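Single-letter residue listing:
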Amino acid sequence: MNHIGTQTIETDRLILRKARPEDAQFMFNNWASDDEVTKYLMWQSHKSLKASKERIDFLIDNYKRPDYYDWLIELKELGEPIGSIGVVELKENVNAVHIGYCIGKKWWHKGITSEALSSLIDFFFNKVGAERIESRHDPRNVNSGKVMQKCGMKYEGTFRKADINNQGICDAAYYVILKK
């Protein structure tokens with residue numbers, strides 16, 4: 001793959017961009033502190049603004065790496081980030097990326113996450129040279145799977161009791177899209 005790092009990506013309604021120090025409050029308020037948003041995720045909701053600041057600092061520090069890909073999802077009409085999307089696992093040996101995402105519940109069911117994921121599929125296939133893009137979800141989080149399907153990803157199978165999230169040990173339903 002030809003790693004170019006986290007680049008700004010613009011869609012009709014969104015700007016996918018690098019985090020900035022002033023984004024910590026938006027992260028905390030709009031998605032990271034909500035237990036319902038993080039219910040099926042692998043990280044705990046942020047209990048303080050300090051946790052969001054630490055996450056933002058981590059992102060900013062990693063942006064200097066050309067193989068690091070993590071974006072905040074900014075809604076243009078709002079002018080502030082409402083979620084995040086990025087590579088949670090880079091599989092260099094098979095030219096694959098595994099993408100994870102999270103968005104504030106106020107913006108659920110509006111096609112925003114699908115719009116963000118679609119733009120990353122295009123980015124990774126056409127700019128980075130990935131051959132395989134995958135994602136997974138806890139089957140109890142049905143809407144996450146619908147996002148993947150809407151983006152043209154195909155269901156590959158469910159690994160039983162193969163993952164862990166804030167609900168404990170769980171199944172993992174995998175979806176994939178191939179470049180060819």
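Here, every reference points to the structure presented above.
These numbers were taken from a predicted model, which means no experiment stands behind them.

Criteria and thresholds
Residues numbered from 1 in each chain as written. Predicted model: local features only at pLDDT ≥ 70, side-chain atom pairs only at ≥ 80, totals over all residues. Heavy atoms only, no water. Helix = DSSP H or I, 4+ residues; strand = E, 2+ residues; numbered from the N terminus. Rg over C-alpha atoms; globule rule 2.2 N^0.38 Å. Pairing = 2+ DSSP bridges. Contact = heavy atoms within 4.5 Å. Axes fitted to C-alpha atoms, helices over the stretch in contact; angles between N-to-C directions. Expected span 1.5 Å × (residues − 1). Parallel < 35°, antiparallel > 145°, perpendicular 65-115°, else oblique. Left-handed = near helix turned anticlockwise from the far one by under 90°. Nonpolar A, V, L, I, M, F, W, Y, C, P; charged D, E, K, R; others polar. Right-handed = clockwise from strand over helix to strand, strands pointing away. Salt bridge = Lys/Arg side-chain N within 4 Å of Asp/Glu carboxyl O. Buried < 20%, exposed > 50% of the residue type's maximum accessible area, 1.4 Å probe, protein only.

Enquirer: Lay out the overall build of the chain in plain terms, naming residues and giving numbers.
Expert: Looking only at helices and strands, the chain has 4 helices and 8 strands in total. Listed by position from the N terminus, the elements making up the chain come as β-β-α-α-β-β-β-α-β-α-β-β. Taken against the 2.2 N^0.38 rule, which gives 16 Å for 180 residues, the C-alpha radius of gyration of the chain at 15 Å falls within 12% of a compact globule. With respect to the three principal axes, the spread of C-alpha positions in the chain is 40 × 35 × 30 Å.

Enquirer: Tell me about the sheet that holds strand 6 (residues 132-137), and please be specific about residues and values.
Expert: Strand pairing in a sheet takes place through backbone hydrogen bonds and is either antiparallel or parallel in direction. Here we have 8 strands laid out as an open sheet, ordered 1-2-3-4-5-6-8-7, and mixed in their pairing. The sheet is open, and its two edges are formed by strand 1 (9-10) and strand 7 (154-165), each paired on a single side. Judged from the 8 bridges that link them, strand 7 and strand 8 (residues 168-178) form a sheet pairing that is antiparallel. Residue pairing in the sheet places asparagine 165 in a bridge with glycine 168 of strand 8. Contacting strand 3 (70-75), strand 4 (80-91) and strand 5 (96-103), helix 1 (residues 24-32) crosses the sheet at an angle of about 85° to strand 4.

Enquirer: Residue-level account of helix 2 (residues 49-62), with values.
Expert: The first and last C-alpha atoms of helix 2 sit 20 Å apart over 14 residues, in line with the 20 Å expected at 1.5 Å per residue. For helix 2, the elements touching its buried residues are helix 1 and strand 3.

Enquirer: Tell me what's going on with the side chain of histidine 137, and back it up with residues and numbers.
Expert: Relative to the helices and strands, histidine 137 resides in strand 6. Every residue in contact with histidine 137, bar those within four places of it in the chain, is listed here: Ser144, Gly145, Met148, Asp171, Ala172, Ala173 and Tyr175.

Enquirer: Describe the packing of helix 1 against helix 2, with residues and values.
Expert: Running from amino to carboxyl end, helix 1 crosses helix 2 at an angle of 115°, the nearest separation of the two axes being 8 Å. When the axes of helix 1 and helix 2 are compared, the pair comes out roughly perpendicular. In the crossing of helix 1 with helix 2, the sense of the turn from one axis to the other is right-handed. Of helix 2, the residues touching helix 1 (which contributes Ala24, Gln25, Met27, Phe28 and Ala32) are Leu49, Ser52, Lys53, Arg55, Ile56 and Leu59. In terms of residue class, the contact of helix 1 with helix 2 is built from 7 nonpolar, 2 polar and 2 charged.

Enquirer: Outline the pairing of strand 6, listing residues and values.
Expert: As paired elements, strand 5 and strand 6 share 3 bridges and run parallel to each other. Pairing of alanine 96 across the sheet is with arginine 132, part of strand 6. Read from strand 5 through helix 3 (residues 112-128) to strand 6, the crossover connection turns out right-handed. Examined bridge by bridge, strand 6 and strand 8 share 6 bridges and lie antiparallel to one another. Paired with glutamate 134 across the strands is valine 176, a residue of strand 8.

Enquirer: Quick one: what's the story with the pattern of salt bridges, residue by residue and with numbers?
Expert: Across all of its chains, the model carries 17 salt bridges by this definition. When the shortest N-O distance is used, the salt bridge between arginine 17 and aspartate 23 registers 2.7 Å. For the residue pair arginine 17 and aspartate 23, the accessibility class agrees, reading buried in each case. We note a salt bridge from arginine 17 to glutamate 74, for which the minimum N-O separation is 2.6 Å. Here the residue arginine 17 occupies a position in strand 2 (residues 14-17), and glutamate 74 occupies one in strand 3, the gap between them amounting to 57 residues. In this pair, the class of arginine 17 matches that of glutamate 74, namely buried. A cluster of three or more residues bridged by salt bridges with shared partners is formed by Lys91, Arg132, Glu134 and Glu156.

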